[in-house]
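# What the coordinates show
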Amino acid sequence: MEISYSQEGEDRVLQRIFDGKSVGLYVDVGAHHPFRFSNTFAFYMKGWSGVNIDATPGSMALFRKHRPRDINLEHLVGDGDEPLSFTIFDEPALNSAEVGRDAALSDRYTVIERVSIAPRRLDNILDEWLPPARPSTSSPSMPREAIWPCSAPMISPDTGPGSSSPRTEA
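Figured I'd write up the structure that's included with this text.

The rules we used
Residues numbered from 1 in each chain as written. Predicted model: local features only at pLDDT ≥ 70, side-chain atom pairs only at ≥ 80, totals over all residues. Heavy atoms only, no water. Helix = DSSP H or I, 4+ residues; strand = E, 2+ residues; numbered from the N terminus. Buried < 20%, exposed > 50% of the residue type's maximum accessible area, 1.4 Å probe, protein only. Contact = heavy atoms within 4.5 Å. Areas by Shrake-Rupley, 256 points an atom, 1.4 Å probe, with all protein chains shown as cover. Phe/Tyr/Trp six-rings, centres within 6.5 Å; stacked < 30°, edge-to-face > 60°. Lys NZ or Arg CZ within 6 Å of the ring centre and 35° of its normal. Polar contact = N/O pair within 3.5 Å; in protein donor to acceptor, adjacent residues only side chain to side chain. Arc of directions from axis to C-beta. Core = buried A, V, L, I, M, F, W, Y, C linked by side-chain atoms within 4.5 Å.

### With respect to the overall build of the chain
When helices and strands are counted, the chain shows six helices and eight strands. Helices (α) and strands (β) of the chain occur, in sequence order from the N terminus, as α-β-α-β-α-β-β-β-α-β-β-α-α-β. Counting over 170 residues, the chain shows a buried share of 45%. Of the contacts made within the chain by residues no fewer than 6 positions apart, 62% connect residues no fewer than 24 positions apart. Surface exposure of the chain reaches about 9,200 Å², of which carbon and sulfur atoms provide 52%.

See the structure below:
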């Protein structure tokens, strides 16, 4: 039986879909942690690599330690030019820029801090960090709506990382 690192077994479902693919590229937006509640860690363990993005300040330190093949970035994925209020909870998996989330969770979780973070569009982040051989964000095989908005990892079994070593700084 394979181990699931996802919160609800999503990685097991994806492993069945991409069974037999030994290399691939994933994009995990809201990555949270290198293996806790991770939809992509099982793929990393099989040799895949990709991009992990999370807005929580300091969140990528563990990714750089445990997932050095990946590109690990601290960004708030979103639209617009104005900074957003990002809420940090005592349960980091709940951190979010979602308006009203803190009120909805206040009976069970404590707000640790609110920080202002400017959002970046996912397509701009991917254009900056992924190798040029990746499918275009406007190609029919990966339409723009497949990556924006994006709340779950994108996995491409036919696209591996570029030949150059991935950058891991934010």
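### Considerations on the packing of aromatic side chains
Per the stated rule, a full pass over the model turns up six aromatic pairs. What links up through ring pairs into an aromatic cluster is the set Tyr5, Phe35, Phe41 and Tyr44. Note that Arg69 overlies the ring of Tyr44, its terminal NZ or CZ placed 3.9 Å from the centroid.

### Examining the side chain of Asn95
Note on placement: Asn95 falls in the loop between β5 (84-89) and α4 (101-105). Looking at Asn95, its side chain comes within polar contact range of the side chain of Thr56, at 3.0 Å. A distance of 2.8 Å separates a polar side-chain atom of Asn95 from the backbone nitrogen of Phe89. The residues touching Asn95, leaving out its near neighbours within four places in the chain, are Thr56, Phe86, Thr87, Ile88 and Phe89.

### Quick notes on unusual backbone geometry
Of note, His32 is a non-glycine position whose phi angle comes to about 70°, a positive value. Inspection of the secondary structure assignment puts His32 in the loop between β1 (25-29) and α2 (41-45). Not every positive phi belongs to a glycine, and Phe37 is a case in point at roughly 60°. On the secondary structure map, Phe37 appears in the loop between β1 and α2. Overall, the relative accessible area of 30% leaves Phe37 in the partly exposed class.

### Focus: helix α5 (residues 122-129)
Owing to its 3.6 residues per turn, the α-helix aligns residues three or four sequence positions apart on the same side. Listed in full, the buried residues belonging to α5 are Leu122, Asp123, Ile125, Leu126 and Trp129. Down the axis of α5, the smallest arc covering the buried residues is 160°, so these residues share one side.

### Quick look at the nonpolar core
Within the largest apolar cluster, 13 residues are counted, with the highest numbers of intra-cluster contacts made by Val27, Val51, Ile53, Leu73, Leu122 and Leu130. Of all elements in the fold, only β1, β2 (49-54), β3 (71-74) and α5 reach the threshold of two or more residues within this core. Broken down by element, this core gets its largest block of residues, four residues, from α5.

### Details of the side chain of Asp123
Structurally, Asp123 can be placed in helix α5. Residue classification places Asp123 among the buried residues on the basis of a relative accessible area of 8%. Of the polar contacts made by the side chain of Asp123, one reaches the side chain of Arg121; its length is 3.1 Å.

### Notes on the environment of Asp79
Inspection of the secondary structure puts Asp79 in the loop between β4 (76-77) and β5. We classify Asp79 as partly exposed; its relative accessible area is 48%. As for Asp79 and Leu122, which are separated by 43 residues in sequence, their C-alpha atoms are 8.6 Å apart.

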